[in-house]
There are 2 protein chains.
Amino acid sequence: MSKTRKSQENTILDIAAALKLSPATISRALNNNPNVRPATRKKVADMAGQLGYRRNNMALGLRNNKTHTIGLIVPRISMFFHAEAITTMQNELYERGYNLIISQSNDSPEMERRLVDTMYSSRVDALIVSCTLNTEDFSHFEVFTKNGIPLIFYDRVPPAFDGALIIRGDDFQGGNLAGAHLAETGCRRIAYISGPLSTNLYRDRSQGFFKALEVAGIPVIENMVFYQALTYDNTREAMKKMFAQDVKPDGVFTANDTAAIAVHEFARENGIAVPQQLKIVGYSNDPRCAIIRPSITSVEQFPGKMGSRVISELMHILGDSTGTALKNPITIPVQLIRRMST
Amino acid sequence: MSKTRKSQENTILDIAAALKLSPATISRALNNNPNVRPATRKKVADMAGQLGYRRNNMALGLRNNKTHTIGLIVPRISMFFHAEAITTMQNELYERGYNLIISQSNDSPEMERRLVDTMYSSRVDALIVSCTLNTEDFSHFEVFTKNGIPLIFYDRVPPAFDGALIIRGDDFQGGNLAGAHLAETGCRRIAYISGPLSTNLYRDRSQGFFKALEVAGIPVIENMVFYQALTYDNTREAMKKMFAQDVKPDGVFTANDTAAIAVHEFARENGIAVPQQLKIVGYSNDPRCAIIRPSITSVEQFPGKMGSRVISELMHILGDSTGTALKNPITIPVQLIRRMST
DNA sequence: GTCAATTATGAAAACGTTTTCATAAATTGG
DNA sequence: CCAATTTATGAAAACGTTTTCATAATTGAC
């Protein structure tokens, strides 16, 4: 009982002691260094197995100044888009021998700031970020660029960031497709329910959307445009307001799918026929869009493709240390998925 | 340009040098050790800010043999249940000053094994796991118990594991509620589409379900029971088989919600009225159940509550090192959410 | 069998912290 | 103002690796 706390001896020094070799040799043997005799290599491997040796990554990281760990910060892990993107990134990183530390900011800039600090303290080899909806000051990310650690933004990105790579969906195009599609299917009074313009996402979708209306010669109706947090309740509220007016919309574009579903349910509950009286287009192609009846037209963002691109660019950066990218920002195309709601 | 690679000097030694103090004092000052003069404390804090100092967690972990990091392994991050549980766990851990490393096994036992090793190499302070569907050999988790590092299984758990804490939903009760509910609403030929019995989840749900039938005096119909991977396609296949027979089911219990949705869509496409001709009960209360029409009755597992419990138990274990728990396994109650499908 | 060349091993330092023990500085009591 | 006490600081070791440089062991050529 008076034995020291340590439950089991399993370091390189223990192997060394057991084999009467130096730690240096053990290290070399375990790392398949060519100039260690096959005989010793085998002895070491055996003893390592016997003692249940596992490399201590902290010691390794400290010594080598490299952790083989990538940090990731997203607003919410549960959003379909991110869940999908994360899965791809993690798998591709794992294949390449990297680990991924995932954190969520819960859309709080304060939390995001703390997480960035923590990530730096853990000395991740790179940081991947999709920002908070409300992040307007991006200075907390500078620790990374200042210290020469790769920083990649994706999806929700700053307008510009010196030394960082930016990868984003083609939101202008997405908004444009949505607007054009609604116009094409005959809508003339198109409502637009958007998120706050503080984020690049919604700014770009809006611009694309309005451009489409302009091209189609459809006027923007002042009180049919909303910029607000895209929650279910907010959207219901907006719908209520619009349908209390004399002139009612015959089409709605919502800048995410939760809002589209809110519109959908509002319509059903109020006996508004979709798509006959009201057409709906959402954004993100959440699986719920395909399940609800009538199913909802939405803009697919290819989260897996984006995640994959993030990793391939990152690997490129980590390989060549030849500074920043070839092309920046990078834009991933989107696609309109037509369904029964239009 | 011939300057050494290191982009910026920012260790405790640099602060020490700048202030002509010893690293020991700097360390104390930064950690609010009571016996360092307020004046020096302030000088140190200022200089730390000026140099952009950030603590190196690897050095810290190596020295203190404590990483303040908890490992988590789940089959898939994108499953609603896990996304929800993870979010709760991460938030509660973060409040308590811990970080969370999340990894997904993609339901591959091989991958799971590798992840466990990696987690150990990173010397996490504890490991939380929801196993693969196919994990039958649990020996790879023994590194943790053998080395006295807390190990907690939740949701998909081994039948028993010496030295680990097990927290699970009340799957027997869930299956039982589902069966009883279908019986109560008048079903007499109840089909059961389950996952493979290799997992505790499905074993327990099955037992609860069959018990309910037995109590209600409803016979189990041989060819209306399926044990298979609970995918959309498999379920459609099963439905097709059953409805090709003379005697057709008037109720279905599926052991997850994806399967319930498959049943639902099969019914719609084949003109089977839900709930009049066929009643459906799913499992997990995925948000899709509430959105689809008619909405689907399902068993709520309270993922947030389970995540929360995992963390509170973990904190207890990390606090007192008084070995394993008071009560083990721990069971979290479930609840049947009635909707239009029954 | 000797010398040179090669190959295998070891000693020691370094990575950035914290902490124990010792000691220097400041404070207090008389 | 001196001794005794308290408080603030410093020196050095330790955590577990890897790597450089040196040296010991082996091999090969003649």
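Residues numbered from 1 in each chain as written. Chains lettered and ligands numbered in written order. Predicted model: local features only at pLDDT ≥ 70, side-chain atom pairs only at ≥ 80, totals over all residues. Heavy atoms only, no water.

Asker: Please clarify how the pairing of strand β4 (residues 151-154) of chain B should be interpreted in this entry.
Answerer: Strand residues, when the strand is regular, have side chains that alternate between the two faces of the sheet. Residues and elements named next belong to chain B. In β4, alternate side chains face the same way, and those of Leu151 and Phe153 on one face and Ile152 and Tyr154 on the other are all buried. Across three bridges, the pairing between strand β3 (residues 126-129) and β4 is parallel. Counterpart to Ile128 in the pairing with β4 is Ile152. As paired strands, β4 and strand β5 (residues 165-169) are joined by three bridges and run parallel to one another. Paired with Phe153 across the two strands is Ile166, which belongs to β5. (Buried < 20%, exposed > 50% of the residue type's maximum accessible area, 1.4 Å probe, protein only. Helix = DSSP H or I, 4+ residues; strand = E, 2+ residues; numbered from the N terminus. Pairing = 2+ DSSP bridges.)

Asker: Sorry if this is basic, but what is going on with the protein's contact with DNA strand D here?
Answerer: In the vicinity of DNA strand D there are 29 residues, among which Ser27(A), Arg63(A), Ser22(B), Thr25(B) and Arg28(B) approach most closely. Within 4 Å of the protein, the atoms of DNA strand D are drawn from sugar and phosphate moieties in a proportion of 63%. Within the side chain of Arg28(B), one N or O atom sits 2.7 Å away from a base nitrogen of DNA strand D. Here Arg63(B) contributes a backbone N or O atom positioned 3.3 Å from a base oxygen of DNA strand D. Only α1 (12-19), α2 (23-30) and α4 (57-64) of chain A together with α2 (23-30) and α4 (57-64) of chain B provide two or more residues apiece to the surface near DNA strand D. The element contributing the most residues to the surface near DNA strand D is α4(A), with four residues. Looking at the surface near DNA strand D, its residues break down into 11 nonpolar, nine polar and nine charged. (Near = heavy atom within 4 Å. Polar contact = N/O pair within 3.5 Å; in protein donor to acceptor, adjacent residues only side chain to side chain. Nonpolar A, V, L, I, M, F, W, Y, C, P; charged D, E, K, R; others polar.)

Asker: Looking at this structure, I do not really get the pattern of salt bridges. What am I missing?
Answerer: Any two side chains of opposite charge can pair, so long as their charged atoms come close to each other. All names here are of chain A. The full count for this structure, using the stated rule, is 30 salt bridges over all chains. Note that Arg113 and Asp137 form a salt bridge whose closest N and O atoms lie 3.7 Å from each other. One end of the pair, Arg113, is in helix α6 (residues 109-121); the other, Asp137, is in the loop between β3 (126-129) and α7 (142-146), with 24 residues separating them in the sequence. For Arg113, a relative accessible area of 35% translates into the label partly exposed. A relative accessible area of 42% places Asp137 in the partly exposed class. (Salt bridge = Lys/Arg side-chain N within 4 Å of Asp/Glu carboxyl O.)

Asker: What is the right way to look at the interface of chain B and chain A in this model?
Answerer: By convention, interface size is frequently given as the accessible area that disappears when the constituent parts associate. Taken together, the contacts link 47 residues of chain B with 47 residues of chain A. Of all residues in chain B, the largest losses of buried area upon contact with chain A belong to Arg54(B), Met58(B) and Tyr94(B), amounting jointly to 17% of the total for that side. With a closest N to O distance of 3.8 Å, Glu265(B) and Arg293(A) form a salt bridge. The interface formed by chain B and chain A holds 20 residue pairs in polar contact (both at pLDDT 80 or more) in total. (Contact = heavy atoms within 4.5 Å. Buried area = accessible area lost by both parts, 1.4 Å probe.)

Asker: Please clarify how the packing of helix α10 (residues 232-243) of chain A against helix α11 (residues 257-269) of chain A should be interpreted in this entry.
Answerer: When two helices pack together, their arrangement is given by the angle between the helix axes and by the axis-to-axis distance. Residues and elements named next belong to chain A. Between α10 and α11, the least distance of the axes is 8 Å, while the angle of their chain directions is 45°. Relative to α11, the element α10 is oriented oblique. Considering how the two elements wind past one another, α10 and α11 form a crossing that is right-handed. Of the residues in α11, those touching α10 at Tyr232, Thr235, Arg236, Met239, Lys240 and Phe243 are Thr258, Ala259, Ala262, Val263, Glu265, Phe266 and Glu269. Taken together, the residues that form the contact of α10 with α11 break down as seven nonpolar, two polar and four charged. (Axes fitted to C-alpha atoms, helices over the stretch in contact; angles between N-to-C directions. Parallel < 35°, antiparallel > 145°, perpendicular 65-115°, else oblique. Left-handed = near helix turned anticlockwise from the far one by under 90°.)

Asker: Looking at this structure, I do not really get the domain arrangement of chain A. What am I missing?
Answerer: Per the domain assignment, the segments making up chain A are domain 1 (12-55), domain 2 (66-169 + 303-332) and domain 3 (171-300). Taking only C-alpha atoms into account, the centre of domain 1 of chain A sits 37 Å from that of domain 2 of chain A. (Domains from an automatic or database assignment.)

Asker: Just to check I follow, could you spell out α10(A) for this structure?
Answerer: The α-helix winds at 3.6 residues per turn, so residues separated by three or four positions along the chain end up facing the same way. All names here are of chain A. For α10, which comprises 12 residues, the first-to-last C-alpha distance of 17 Å matches the rise-based estimate of 16 Å (1.5 Å per residue) to within 8%. All of the buried residues along α10 are Thr235, Arg236, Ala238, Met239, Met242 and Phe243. Considered in projection along α10, the buried side chains sweep an arc of 160° and stay on one side of the axis. The outward face of α10, more than 90 degrees from its buried face, is lined by the exposed residues Asp233, Lys240 and Lys241. Against β6 (190-194), β7 (225-227), β8 (251-254) and α11 lie the buried residues of α10. (Expected span 1.5 Å × (residues − 1). Arc of directions from axis to C-beta.)

Asker: Which parts of the structure should I look at to understand the protein's contact with DNA strand C?
Answerer: Near DNA strand C, the surroundings consist of 29 residues, among which Ser22(A), Thr25(A), Arg28(A), Ser27(B) and Arg63(B) are the closest. Each atom of DNA strand C within 4 Å of the protein was classed as base or backbone; sugar and phosphate made up 62%. Here a phosphate oxygen of DNA strand C and a side-chain polar atom of Tyr53(B) are 2.9 Å apart. Within the side chain of Arg55(B), one N or O atom sits 3.4 Å away from a phosphate oxygen of DNA strand C.

Asker: Even after reading the chapter, I still don't get the relation of the copies chain B and chain A, so can you show me in this structure?
Answerer: Relating one copy of the chain to the other requires a rotation about an axis plus a shift along that axis. With an RMSD of 0.1 Å, the operation that places chain B on chain A is a rotation of 180° combined with a shift of 0.1 Å along the axis. In symmetry terms, the pair is related by a two-fold rotation axis. Both copies contact each other with a shared surface, as 100% of the interface residues of chain B are interface residues in chain A too. (Least-squares fit on C-alpha atoms with pLDDT ≥ 70 in both.)

Asker: Mind showing me how you'd approach α4(A) here?
Answerer: Capping the start of α4(A), Asn56(A) holds a side-chain oxygen 2.8 Å from the backbone nitrogen of Met58(A), two or three residues further along. Of the residues trailing α4(A), Asn65(A) is marked for its positive phi of about 55°.

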